[in-house]
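Structural features, examined
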Amino acid sequence: MPSETFHIYILANRTRVLYIGLSRNLPRRIYQHRHGPVPGFSRRYNIKRLVYFEETGSARSATARERQLKGWSRAKKIGLIEAANPEWLDLAAGWFG
């Protein structure tokens, strides 16, 4: 059975409102956040900048990690982002031309 890849990701808007999600196909999911017609929290607050992501090989570990991150304090989430991406750059810049 081929291994699968799951991504846990954090998006932010320009005022640093955060959104944490999980996807099997990160580029497709980021595209949906940026261009999709689906209403919700990320659309309401214009949260489109990919500022952090990590990958795992199982749905169970991905779900557990997503839950863990969502349970963290805002300060701890910001610390995670800034350790990997101190400038809060859009890690998906240039993915969609």
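Residues numbered from 1 in each chain as written. Predicted model: local features only at pLDDT ≥ 70, side-chain atom pairs only at ≥ 80, totals over all residues. Heavy atoms only, no water.

Quick word on the environment of Lys48
Counted only if it meets this: A run of H or I in DSSP counts as a helix once it spans at least four residues, and a run of E counts as a strand once it spans at least two, with each numbered from the N terminus. Classification of residues uses two cut-offs on accessible area relative to the type maximum, computed with a 1.4 Å probe and protein chains only: under 20% is buried, over 50% is exposed, and between them is partly exposed. Only heavy atoms enter the contact rule, under which two residues are in contact if any of them lie within 4.5 Å. Distance and chemistry together define a polar contact, namely a pair of N or O atoms within 3.5 Å, with one atom able to donate a hydrogen and the other to accept it when in protein, and with adjacent residues in sequence counting only for side-chain atoms on both sides.
Counting through the fold element by element, Lys48 comes out in the loop between helix H2 (41–44) and strand S3 (49–56). On the accessibility criterion, Lys48 (33% relative accessible area) is partly exposed. For the pair Lys48 and Arg29, spaced 19 residues apart in the sequence, the C-alpha separation amounts to 11 Å. Excluding residues that lie within four positions of it along the chain, Lys48 makes contacts with Leu11, Ala12, His33 and Arg34. A polar atom in the side chain of Lys48 sits 3.3 Å from the side chain of Asn46.

Describing the packing of aromatic side chains
Cut-off, in case you're wondering: Pairing of aromatic rings covers Phe, Tyr and Trp, the last through its six-membered ring, and needs centres within 6.5 Å; plane angles under 30 degrees mean stacked, over 60 mean edge-to-face, and all others mean tilted. In our convention, an over-ring charge means Lys NZ or Arg CZ found within 6 Å of a ring centre and within 35 degrees of that ring's normal.
Summed over all chains, the structure comprises four aromatic pairs. Plain terms: the ring middles of Tyr31 and Phe96 are 5.4 Å apart, the flat faces sit at 65° to each other, and that makes the pair edge-to-face. Here the residue Tyr31 occupies a position in helix H1 (residues 26–35), and Phe96 occupies one in the segment after helix H4 (74–84), the gap between them amounting to 65 residues. Phe96 sits in the partly exposed class, given a relative accessible area of 31%. The structure contains a cluster of three or more aromatic residues connected by ring pairs, namely Tyr31, Trp95 and Phe96. Over the ring of Trp88 we find Arg16; its NZ or CZ atom is 4.0 Å from the centre of that ring. Between the NZ or CZ atom of Lys76 and the centre of the ring of Trp72, over which it lies, the distance is 4.5 Å.

Regarding a nonpolar patch on the surface
To keep things clear, this is the line we draw: Patch construction takes residues with relative accessible area above 30% that form no salt bridge. Like charges are linked within 9 Å, and nonpolar side chains (Val, Leu, Ile, Met, Phe, Trp, Tyr) are linked within 5 Å. Here, Shrake-Rupley sampling with a 1.4 Å probe gives the accessible areas, and only protein chains in the shown set may cover a residue. By salt bridge we mean one thing: a side-chain nitrogen of Lys or Arg within 4 Å of a carboxyl oxygen of Asp or Glu.
Together, Tyr31, Phe53, Leu89, Leu91, Trp95 and Phe96 give the surface a local cluster of nonpolar side chains, amounting to about 530 Å² of exposed area. Looking at the secondary structure, you find Leu89 in the segment after H4. The exposure class of Leu89 is exposed, given its relative accessible area of 52%.

Observations regarding unusual backbone geometry
Although it is not a glycine, Arg16 adopts a positive phi angle of roughly 70°. Looking at where Arg16 falls in the secondary structure, it is placed in the loop between strand S1 (6–12) and strand S2 (18–23).

A closer look at the sheet that holds S2
Strand pairing in a sheet relies on backbone hydrogen bonds. The paired strands run either parallel or antiparallel. Put simply, the test is: Two strands form a pair only when DSSP identifies at least two bridges running between them. Helix axes use the C-alpha atoms of the stretch in contact, all axes being lines fitted to C-alpha atoms, and the angles between their N-to-C directions lie in the range 0 to 180 degrees.
Taken together, the three strands give an open sheet; going across it, the order is S2-S1-S3, and neighbouring strands pair in antiparallel fashion. Strand pairing shows two members of the sheet lacking a second neighbour, S2 and S3, which therefore form its edges. Direction aside, neighbouring strands of the sheet carry axes that sit 20° apart on average. Where S1 lies against S2, six bridges are found, and the strand directions are antiparallel. Across the sheet, the residue bridging to Ala12 is Leu18, located in S2.

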